[in-house]
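Here is what each chain is made of, one letter per residue.
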Amino acid sequence: MESKKFKIAIVGRPNVGKSHLFNRITGGRKSIVEDVPGVTRDRLYTESEFFGKKAIFIDTGGIASDNEGMFSKSIRIQAQMAIEECDAIIFVVDGLAGITAHDEDVLALLRRTNKHVALAINKMDLEKQRGDFSEYYSLGLEHIFPVSSMHGDGVADLLEHLCSITPDNQEEDLVMPPRVAIIGRPNVGKSTILNKLLGKERSLVSEIAGTTLDSVDSQINGVCFIDTAGIKRKQKEMETVEKYARIRTVNAIKRAEICLLVLDATAGITAQDKKIFTEIVEEKKGCIFYINKWDLIENTQKEHLMRRMKEILPEAKYLPCLVGSALKDKELKGLFEMIQRVHGNYHRRITTGQLNAFMERVVQENAPPIIGTRRLRIYYLTQGGTAPPNFILFVNYPDLMPHSYKRYLHNRFKEAYDFLGIPLTFYLKAKAKKKARK
């Protein structure tokens, strides 16, 4: 389900400030910004409101010649895909460097699209804007705006122009799709999974770990997938870009409702996988495991892997697990059905009457223990909220509830209700005592 809103792509050669401008317009720091060419590799989408209009802005990697850098060809493909799907283009150039041959190459690519192009001459603060920038009229573009993405100078004029070409009434995306973050260590196949689902290269794929830096959103069959950078061990996060990538990944987990945790069958279950899973649980997100590269290991290794998974991730027995090969498209078709099931559980609500009938039954089967001279009394169970589901159990003395009885109630609850893929939270609360009448 692709959005039908007006789309504006921000394009240009590397390191002219496209991501700075993207962040300035969208009012956040979704795109990683670093003074190194090629930091933005995939294309990023964010909806923004300006002068009462709404549009989706697309940040792209710098378009370079094919022999400049190991990712240049793939980045160029990503940028071309953004140009094809957008309705208008912001062409960004470096006002300090002047017009370069690369700028003219990019413009030649844009001319073939016959789409509306606005030229943003970046790195032009108020003092520089008063100077002469007539050389840029030689590019043959009608709409030219000197801007400073760093300080915000001139950006309002650019947006005012974009407002004039953005339609007033656009079809709203009425139903919010499930948000699924694809999470895992570097190079386990996260972007390969996304590309296989899309049927095209939306995310860059390379055997070099860390190809994906930003979080990338894609809507497929009514599901919003968030592709993320691989989470590395903290001691390896020496470079600024990798630190930003980790922040984006953590934010993607927070933004998602469900995390698709991708594991590498050839590497086994690692301590880092456990740390990532713990982060998902702490954020109380739904979780689905996908064991990738399943076709590359022997049957004996498969049995060992599943045993190892239960040892390191004991909670995994309550979570759905798909196994397959992203390259060979195995099990990915069953993924959407599983996502819908887990998403339904994430928003599921059970009535207080049903919960109390359940509690009456399990308490009769196994009564609460007596601690000293005091007996634990359970009054009622109610659901506190959804997304994720949480429940409140009212008792007389919360401190009397032993861990073993908590585990008993928790296990019986999971047997009675299908909350597959969802971390359940239970709170103990003392029932308010009635005040004595005077």
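The preceding data block contains the structure.
Just so it is clear, the structure is predicted and the values come from calculations on it, not from any experiment. (Residues numbered from 1 in each chain as written. Predicted model: local features only at pLDDT ≥ 70, side-chain atom pairs only at ≥ 80, totals over all residues. Heavy atoms only, no water.)

Novice: Could you clarify how one ought to interpret the side chain of T26 in this entry?
Specialist: Residue position: T26 is located in helix 1 (residues 18-26). From its side chain, T26 meets the backbone oxygen of F22 in a polar contact 2.7 Å long. Dropping the residues within four chain positions of it, T26 is found in contact with T46, S48 and F57. (Helix = DSSP H or I, 4+ residues; strand = E, 2+ residues; numbered from the N terminus. Polar contact = N/O pair within 3.5 Å; in protein donor to acceptor, adjacent residues only side chain to side chain. Contact = heavy atoms within 4.5 Å.)

Novice: Help me out: how do you make sense of the side chain of N122 in this one?
Specialist: Along the polypeptide, N122 turns up in strand 5 (residues 116-122). Assessed through its relative accessible area of 2%, N122 is described here as buried. A distance of 2.9 Å separates a polar side-chain atom of N122 from the backbone oxygen of V16. In this structure N122 touches V16, G17, V92, V93, D94, G95, L96, V147, S148 and S149, once residues within four positions along its chain are discounted. (Buried < 20%, exposed > 50% of the residue type's maximum accessible area, 1.4 Å probe, protein only.)

Novice: Where do I start with the nonpolar core in this structure?
Specialist: As a rule of thumb, soluble globular proteins bury nonpolar side chains together. Core analysis: the biggest nonpolar cluster contains 45 residues, and F225, L409 and F413 have the highest contact counts within it. In terms of residue count, helix 10 (residues 333-346) provides more of this core than any other element does, 6 residues in total. With 26 residues, the next largest nonpolar core counts F133, Y136, L139 and L141 among its residues. (Core = buried A, V, L, I, M, F, W, Y, C linked by side-chain atoms within 4.5 Å.)

Novice: Would you mind going over the sheet that holds strand 6 (residues 143-146) with me for this structure?
Specialist: In a beta sheet, neighbouring strands are held together by backbone hydrogen bonds and run either parallel or antiparallel to one another. The 6 strands lie next to each other as 2-3-1-4-5-6, forming an open sheet whose pairing is mixed. The sheet is open, and its two borders are formed by strand 2 (44-50) and strand 6, each paired with just one other strand. Between one strand axis and the next, the sheet turns by 25° as a mean value, whatever way the strands run. Across 7 bridges, the pairing between strand 4 (residues 88-94) and strand 5 is parallel. Note on strand 5: the bridge partner recorded for I90 is A118. Helix-sheet contacts for helix 1 involve strand 1 (7-11), strand 2, strand 3 (53-59), strand 4 and strand 5, and the interaxial angle to strand 3 is about 155°. (Pairing = 2+ DSSP bridges. Axes fitted to C-alpha atoms, helices over the stretch in contact; angles between N-to-C directions.)

Novice: I keep staring at the packing of aromatic side chains and nothing clicks. Help me out?
Specialist: Applying the stated criterion across every chain, the model contains 13 aromatic pairs. Their ring planes at 85° and their centres at 5.6 Å tell us that F358 and F413 sit as a pair that is edge-to-face. Of this pair, F358 sits in helix 11 (residues 352-365) while F413 sits in helix 12 (residues 403-416); the two residues are 55 residues apart in sequence, bridging distant segments of the chain. One exposure class covers both F358 and F413, and it is buried. The interplanar angle of 20° and the centroid separation of 4.6 Å between the aromatic rings of Y380 and F394 together place this pair among those described as stacked. Within this pair, whereas Y380 is found in strand 15 (residues 378-385), its partner F394 is found in strand 16 (residues 390-395), the two being separated by 14 residues in sequence. For F394, a relative accessible area of 12% corresponds to the buried category. Ring-pair connections join several aromatic residues into one group, and the members of that group are F358, F391, F413, Y417, F419 and F426. Over the aromatic face of F419 sits the side chain of R348, whose NZ or CZ is 5.0 Å from the ring centroid. (Phe/Tyr/Trp six-rings, centres within 6.5 Å; stacked < 30°, edge-to-face > 60°. Lys NZ or Arg CZ within 6 Å of the ring centre and 35° of its normal.)

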